[in-house]
Amino acid sequence: MALITLRKNLYRLSDFRMHGAALKSQPLNHVHKVVKERLCPWFCSRQPEPFRIRFHHAHCKKFNSKNGNDLHPLSGPVFSQISDWVRLEQNVKNGESQTFYKRLSNLTSSEEVLSFISTMETLPDTMAAGALQRICEVEKKDGDQGLPKEILENSIFQALCFQLEKEPSQLSNTTLVTALQALILLHVDPQSSLLLNLVAECQNRLKKGGLEVPNLCVLGESLIRLHSSGCVTLELIINQLQGEKLETFTPEDIVALYRILQACAEKVDEHQTFLNKINNFSPSIVSNLSPKLISQMLTALVVLDQSQAFPLIIKLGRYVVRHVPYFTNEELRRVLEAFMYFGYHDRFFTKALENRVAAVCLTLDPEVVCGVMEYCGRKRILSKPILNAVAETFVCQSEKFSPSQISALMEPFGKLNYLPPNASALFRKLENVLFTHFDYFPPETLLKLLHSCSLNECHPVNFMAKIFNPFFLQRLQGEESHLDRLNRARLTQLFLTAVLECPFYKGPKLLRKYQVKSFVTPCCSLETPMDSQLYKSVKIGLIDLLGAKLYFAPKVLTPYCYTVDVEIKLDEEGFVLPFTVNEDIHERIALCIDGPKRFCSTSKHLLGKEAIKQRHLRLLGYQVVQHCLGPQQVVWLLHVFHLSSPADCKLPVDKACSVQGSISSS
């Protein structure tokens, strides 16, 4: 399929207007000759070798142009439903026109539309705009592409364009904006006389304040797609819409209004009062929004940073659940981005997402698969159906994922500390991809990927020597004077993993200048900070059990970069030592006070970074005690001190019996 390249200033379409007469009134050979000599193509080229259209002889039946009644434009999705055309025909009083729109709505191809209108003796401008829009709709079903060559060369289609280009000042408001919208969606060149005349007429009527709300919304969206008017005209549209009652807007108009404001996002502060008014009104129309409109509204809310509109976001989230099976790949990706941006999630959406992904994961776009995985990772959602389906997709179709997408796809497995049933096949496939395309992975992407693998004990031993190599570290550093702290922390934890969990690794070591002293970083820490409120409750119980705060220490930084929530020291006989003592220490107890943020949001399953921390502390000789929120809190402490009851406690304590009530209250 090829399109046409506009040759600027070569011909003027207006040069071969036949003033005062319709095409029908000219001899066929005369029309053929004029068009061949003076044709100026309208459509932008998207092919490397463009061609120019030639009219064949004019069709036997051309159209007498006469202005008809207003045609209500389609301001919703490009692919119109029959109900949209029913709404169009409600504005037409003529019985013949109603029949026309009913038949038009049933046509499913451009050829059928052109064949149908070629049978008409006359075609009012209103019907011409409707026919052009219907052509646009049926052609757009296969994606955002231009018209095929055979449609562009069709004399009936060209006659439609000529008819709308003549005297646009005589067109009704709705016909004018509808024609402009359809032509822009068909990739008409912005510098063609056809489009320039229509845009100029729209702007003229806009300045006079003669456009109604639906027409203003359609015009605004059309100008956004045109990318040529800047914010000046859009600001004028916004100012006129501010004076209208929102109750008179259709759901499509409200979404169009959001999109117009989105195009002027740099002036969001000036429009915030108007936005607040729209945000408060919009929940009332959410139930009437299509999947496409919901996706567009959420995207606009993200661009406009309307985090304060949470009642609207919550209601959109509830209705998104119903539309998950019907979103296109792009729409679903935008919904996921919006939910991540606003921090929104609920179990009903997760369930709907599980059903969608499990059913069609093999056909999902790689960007959508990565978006789903990023959503699960950010919200700490351990969804086994999603993770299993994605793992199977990668094993079967790894070639369709780019290096950055592979990293985004694999990281949640490590973050959520989950291995799918086909883990061996998954990591074998990943290893093969890395062996084949190692040099294609950006250094930071590769480091994140390998680090995430180590979180759930799938150690990238075959690649550790490469990432500890000075050449790789220099690539990772790039032009900066030093590596950022997070990447250094990842390198350090990988090296610690090699030392503790891979004793057979004999490759190069990580140079000390690339190591960190603590895994707690200001931004994205490799440890989850201790829950301070939970610690206060536990501290009371520990003081009651041990007798004084002297016998335990909170937030202890170990020589191995990890920070222990509470450390308790024991001598060889099992007596507790004051935390200031550094000699004769026989055993160290690391009490992990695990709050909700250390688990997956949907279960009591430790996150990967907490699992690797506890695993490493055990290998380093600590006795790790995981504090749980159950009623038997004293049992694990008695077990730690090898006691059968609080009375056997080898501690300076006289209130040991009260520990159960004190700690369980946490």
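The shown structure was predicted, so the numbers you read here are calculated from the model rather than taken from an experiment.

S.K.: Would you mind showing me how to read the pairing of strand β2 (residues 563-570) here?
M.R.: Working note: regular strand, side chains alternate between the two faces of the sheet. Counting buried residues in β2 gives eight out of eight residues, a clear majority hidden from the surface. Direction of pairing for strand β1 (residues 553-557) relative to β2: antiparallel, over a ladder of four bridges. Residue pairing across strands places L557 opposite T563, the latter belonging to β2. Hairpin connection of β1 to β2: five residues between the antiparallel strands, including C561 at a positive phi of 80°. In terms of strand pairing, β2 meets strand β3 (residues 576-577) through two bridges, oriented antiparallel. The partner of L570 across the bridge, within β3, is V576.

S.K.: What am I meant to see in the packing of aromatic side chains here?
M.R.: Aromatic ring pairs are described here by two measures, namely the spacing of the ring centres and the angle between the planes. Enumeration over the complete set of coordinates arrives at 11 aromatic pairs. Judged by centre distance (6.0 Å) and plane angle (5°), the ring pair of F438 and F463 falls under stacked. Linking F438 in the loop between α21 (423-437) and α22 (443-455) with F463 in helix α23 (residues 461-467), this pair joins segments that are 25 residues apart in sequence. For F463, a relative accessible area of 3% translates into the label buried.

S.K.: Looking at this model, I keep getting lost on the confidence of the model for the chain. Mind explaining?
M.R.: Confidence in the prediction of the chain, expressed as mean pLDDT, is 79, and 78% of residues score 70 or more. Below pLDDT 50 for its whole length, residues 1-93 participates in 228 contacts with residues either more than four positions away or in separate chains. Throughout residues 629-635 the model reports pLDDT below 50, and contacts reaching past four residues in sequence, or to other chains, amount to 12 contacts.

S.K.: Can you help me understand α21 in this one?
M.R.: Count 3.6 residues to each turn of an α-helix, and residues three or four apart come out pointing the same way. The terminal C-alpha atoms of α21 lie 21 Å apart, and with 15 residues this matches the ideal 21 Å at 1.5 Å per residue to within 8%. Where α21 is concerned, the buried positions are A423, L426, F427, L430, V433 and L434. Buried residues of α21, viewed axially, fall in a sector of 115°; they line one side. What points out from α21, more than 90 degrees from its buried face, is the exposed set S424 and T436.

S.K.: Is there a simple way to explain the side chain of E331 in this structure?
M.R.: Turning to its location among the elements, E331 is positioned in helix α16 (residues 329-342). Within the buried core, E331 has no salt-bridge partner, and the shortest N-O distance to an opposite charge, that of K292, equals 6.0 Å. Each residue touching E331, except ones within four places of it in the same chain, is listed here: P291, K292, S295 and Y326.

S.K.: Got a minute to help me understand helix α7 (residues 155-165) in this structure?
M.R.: The buried count for α7 comes to 11 of 11 residues, which makes it a mostly enclosed element. Within α7, the full set of buried residues consists of S155, I156, F157, Q158, A159, L160, C161, F162, Q163, L164 and E165. Where α7 is buried, its residues touch α4 (110-117), α5 (125-139), α6 (149-152), α8 (173-185) and α9 (193-208). Taken from the residues just after α7, E167 is the one with a positive phi, measuring 45°.

Definitions and cut-offs
- Residues numbered from 1 in each chain as written.
- Predicted model: local features only at pLDDT ≥ 70, side-chain atom pairs only at ≥ 80, totals over all residues.
- Heavy atoms only, no water.
- Buried < 20%, exposed > 50% of the residue type's maximum accessible area, 1.4 Å probe, protein only.
- Helix = DSSP H or I, 4+ residues; strand = E, 2+ residues; numbered from the N terminus.
- Pairing = 2+ DSSP bridges.
- Phe/Tyr/Trp six-rings, centres within 6.5 Å; stacked < 30°, edge-to-face > 60°.
- pLDDT = per-residue confidence, 0-100.
- Contact = heavy atoms within 4.5 Å.
- Expected span 1.5 Å × (residues − 1).
- Arc of directions from axis to C-beta.
- Lys, Arg positive; Asp, Glu negative; His and termini not counted.
- Salt bridge = Lys/Arg side-chain N within 4 Å of Asp/Glu carboxyl O.

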